[in-house]
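Listed below are the residues making up each chain.
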Amino acid sequence: MLSRQLLRSCVRSQSAFSKAISPASSLLALAAATSPSLRAGSRLPQRRWQSNTQRDKAAVGPFTWKAAALFIITGGGLYYYFQREKEAVAERKRAETAAAKVGRPRVGGPFSLTSHEGKPFTHEDLLGKFVLIYFGFTNCPDICPEELDKMSAVVESTDKKLGGKIIQPVFVSCDPARDSVEQVREYIKDFHPRLIGLTGSYDDVKAACKAYRVYFSTPPNAQPTDDYLVDHSIYMYLMDPHGQFVDAYGKNVDVDAMAEKVGQAIEEFRKLGDH
């Protein structure tokens, strides 16, 4: 009797449980029918996560000490290269700026004359030093002596400021008919002790004046006994140790202004590493 009652109780409990889970089973079935992820099972999200991880690893790539060392070496090489290029560009810019400041016109060039010592003298004898060069004539009553006095003062001032014998002063006669070697030698004694005096034939003097863009009016057939004045350009030229033009100073530039400009030009030349 007791066994039958227990059996009936079990049947009733099973029936109640089936009715209770029936709605939940229906919902699960509906979700499985409409959701691909649930149809594929619970492994799909895991595979999707694994796939994303693999893609991330592929994008980043394997990181090793060898790769790190290669990266550092390559980066250092590129940095050194670009720094060198930057310095080269800056150097070219400084050179271009300096050239723009002085203008670099076509002043100066080959010449062949005779020194006050009676020796052949060419443009090559002036290479390796800064040169102040002035064209005039020994019979000039006032302008030439004044300009040569100014030249002497600038040479002395520059020597003291920068130390040493910095500038070579040069006087070139543009009156070859009257300015012989002896005449030039006597004339330059009144000026700076380092002053070199140059003269020559009419054609040689003309060629030198042409190279330095100097105008002069001495007639080609003039005689030493003729009485005449020579009209000529009144400029003093500063040339660098390579024989290239640096600057020109007219009669209106006084000693102090010229000394300052000459000193600045020489210091700028040295900063560029050309000394």
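Rules behind the numbers
- Residues numbered from 1 in each chain as written.
- Predicted model: local features only at pLDDT ≥ 70, side-chain atom pairs only at ≥ 80, totals over all residues.
- Heavy atoms only, no water.
- Salt bridge = Lys/Arg side-chain N within 4 Å of Asp/Glu carboxyl O.
- Helix = DSSP H or I, 4+ residues; strand = E, 2+ residues; numbered from the N terminus.
- Buried < 20%, exposed > 50% of the residue type's maximum accessible area, 1.4 Å probe, protein only.
- Axes fitted to C-alpha atoms, helices over the stretch in contact; angles between N-to-C directions.
- Parallel < 35°, antiparallel > 145°, perpendicular 65-115°, else oblique.
- Left-handed = near helix turned anticlockwise from the far one by under 90°.
- Contact = heavy atoms within 4.5 Å.
- Nonpolar A, V, L, I, M, F, W, Y, C, P; charged D, E, K, R; others polar.
- Polar contact = N/O pair within 3.5 Å; in protein donor to acceptor, adjacent residues only side chain to side chain.
- pLDDT = per-residue confidence, 0-100.

## Re the pattern of salt bridges
Move 1: Under the counting rule described, the total for this entry stands at 5 salt bridges.
Move 2: Residue Asp159 is joined to Arg194 by a salt bridge in which the shortest nitrogen-to-oxygen separation is 3.0 Å. Of this pair, Asp159 sits in helix α5 (residues 143-162) while Arg194 sits in the loop between α6 (181-187) and β5 (196-199), and the two are 35 residues apart along the sequence.
Move 3: Given a relative accessible area of 19%, Arg194 falls into the buried group.
Move 4: Between Asp175 and Arg178 there is a salt bridge, with its nearest N and O atoms 2.7 Å apart.
Move 5: Its relative accessible area of 13% is what places Arg178 among the buried residues.

## Points about the packing of α5 against helix α8 (residues 255-271)
Move 1: Interaxial distance between α5 and α8 falls to 9 Å at its minimum, and their mutual angle equals 45 degrees. On the basis of the axis angle, α5 is oblique to α8. Remark: the crossing between α5 and α8 carries right-handed chirality. Facing Lys150, Ala153, Val154, Ser157, Thr158, Lys161 and Leu162 of α5, the residues of α8 in contact are Val255, Met258, Ala259, Val262, Ile266, Glu267 and Arg270.
Move 2: Partitioned by chemical class, the residues of the contact of α5 with α8 number 8 nonpolar, 2 polar and 4 charged.

## As for the side chain of Arg178
Move 1: Structurally, Arg178 can be placed in the loop between β4 (167-173) and α6.
Move 2: A polar contact of 3.4 Å, which involves the side chain of Arg178, links it to the backbone oxygen of Asp226.
Move 3: Within the structure, Arg178 has its side chain in polar contact with the backbone oxygen of Tyr228 (distance 2.9 Å).
Move 4: What Arg178 contacts, discounting residues up to four positions off in sequence, is Phe137, Asn139, Gln183, Gln223, Pro224, Asp226, Asp227, Tyr228 and Val230.

## Remarks on unusual backbone geometry
Trans is the prevailing form of peptide bonds, just as negative phi is the prevailing case for residues other than glycine.
Move 1: Here the phi dihedral of Arg213 falls at roughly 60 degrees; this positive angle occurs in a residue that is not glycine.
Move 2: Tracing the backbone shows Arg213 in the loop between α7 (202-211) and β6 (235-239).
Move 3: Of the residues examined, Arg213 reaches a relative accessible area of 48% and is grouped as partly exposed.

## Section: the confidence of the model for the protein chain
Move 1: Scored by pLDDT, the protein chain comes out at a mean of 78, with 69% of its residues at no less than 70.
Move 2: Confidence over residues 1-7 falls short of pLDDT 50; this stretch has 0 contacts with residues more than four positions distant or in other chains.
Move 3: Ignoring residues within four places in sequence, the model shows residues 13-45, a span with pLDDT below 50, making 6 contacts including any to other chains.

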